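Residue-level structural notes
Listed here are the chains, written in short residue letters.
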Amino acid sequence: VVSYGQNFYKHDMIFPLWQYKWKRLSGDVTLAKINYDEGDDDDGDVMSTSSTSSIWGEDEWSNIEFTNVGQCHAIVVWIDYGVRILQDKGSGSSEGESDRGKIGFKSISTGNKFNQQAVRMLPLPVTIEKDNIDSLRLSVKPSFSDSSKKGNDDDYSFEIKTVTV
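Described below are features of the structure shown in this document.

What counts and what doesn't
Residues numbered from 1 in each chain as written. Predicted model: local features only at pLDDT ≥ 70, side-chain atom pairs only at ≥ 80, totals over all residues. Heavy atoms only, no water. 1 Å grid on protein atoms, 1.4 Å probe; cavity = no way out; pocket = protein on both sides within 12 Å on 5 of 7 lines; lining within 4 Å. Points joined across faces, edges and corners; volume = space filled by probe spheres on them. Helix = DSSP H or I, 4+ residues; strand = E, 2+ residues; numbered from the N terminus. Nonpolar A, V, L, I, M, F, W, Y, C, P; charged D, E, K, R; others polar. Phe/Tyr/Trp six-rings, centres within 6.5 Å; stacked < 30°, edge-to-face > 60°. Lys NZ or Arg CZ within 6 Å of the ring centre and 35° of its normal. Polar contact = N/O pair within 3.5 Å; in protein donor to acceptor, adjacent residues only side chain to side chain. Contact = heavy atoms within 4.5 Å. Pairing = 2+ DSSP bridges. Axes fitted to C-alpha atoms, helices over the stretch in contact; angles between N-to-C directions. Core = buried A, V, L, I, M, F, W, Y, C linked by side-chain atoms within 4.5 Å. Buried < 20%, exposed > 50% of the residue type's maximum accessible area, 1.4 Å probe, protein only.

1. Describing the layout of surface pockets
Any empty space left between atoms is shown by rolling a water-sized probe over those atoms. Estimates place the volume of the second largest pocket at around 220 Å³. Those elements that place two or more of their residues in the lining of the second largest pocket are β10 (117-128) and β12 (156-164). No other element matches β12, which puts 5 residues into the lining of the second largest pocket. Grouping the constituent residues of the lining of the second largest pocket by class yields 7 nonpolar, 2 polar and 4 charged.

2. Re the packing of aromatic side chains
Scanning all chains against the criterion turns up 0 aromatic pairs. Sitting above the plane of the W56 ring, K33 keeps its charged end 5.8 Å from the centroid. If you follow K161 out to its NZ or CZ, it ends over the ring of W61, 4.3 Å from the centre.

3. A short note on the side chain of R137
Inspection of the secondary structure assignment puts R137 in strand β11 (residues 136-144). A polar side-chain atom of R137 sits 3.0 Å from the main-chain carbonyl oxygen of D134. Apart from the residues lying within four places of it in its own chain, the contact partners of R137 are N63, I64, E65, F66, K161, T162, V163 and V165.

4. Here's the deal with the sheet that holds β11
Read from one edge of the open sheet, 3 strands run β6-β11-β12, paired in antiparallel fashion. Of all strands in the sheet, those with a lone pairing partner are β6 (62-65) and β12, marking the two edges. Ignoring strand direction, the axes of neighbouring strands in this sheet form an average angle of 30°. Relative to β12, β11 is paired through 9 bridges, and the arrangement is antiparallel. Bridge pairing links V140 to I160 in β12.

5. Side note on the nonpolar core
Judged by nonpolar contacts, the single largest core of 16 residues is most densely connected at F66, C72, I75, V126, I128, L138 and V140. Taken together, the elements giving at least two residues each to this core come down to β7 (70-77), β10 and β11. Once residues within four sequence positions are removed from consideration, V140 is found in contact with L31, E60, W61, S62, I64, I75, F158, E159 and I160.

Now the structure itself:
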């Protein structure tokens, strides 16, 4: 943090949060979704078009509603992967059909103690009290650049502001 000086809140820090004392002040909020599956082939199977993937939520503001009182110093960001898997075991339906060979989805999260999370500090802490918990929000806008031009996979940024509704 010291090397960033007064701009510490413009950079992410990677922490294994299970090693630190912290308190959750809000529920989970989806900031963006990367859609790698944008079409179907002639058989109705989803085609992967990762070279032309789209990002839902890019450059859009998402509001984080507080659910607990306390002092907010940062937001924590992690990734939940929706992974497509091929069913390898027949589950058997009531009509005797098997799910073997069908495509299913599994969620894999980095928001657990086995992974590190990105922590984005706020420029100033926000105090959430009983009298402002219903009207105070953090508003977050993620932006992703065209990494193919810069040669960088993880070129992203977050704008964060405090709003009163």
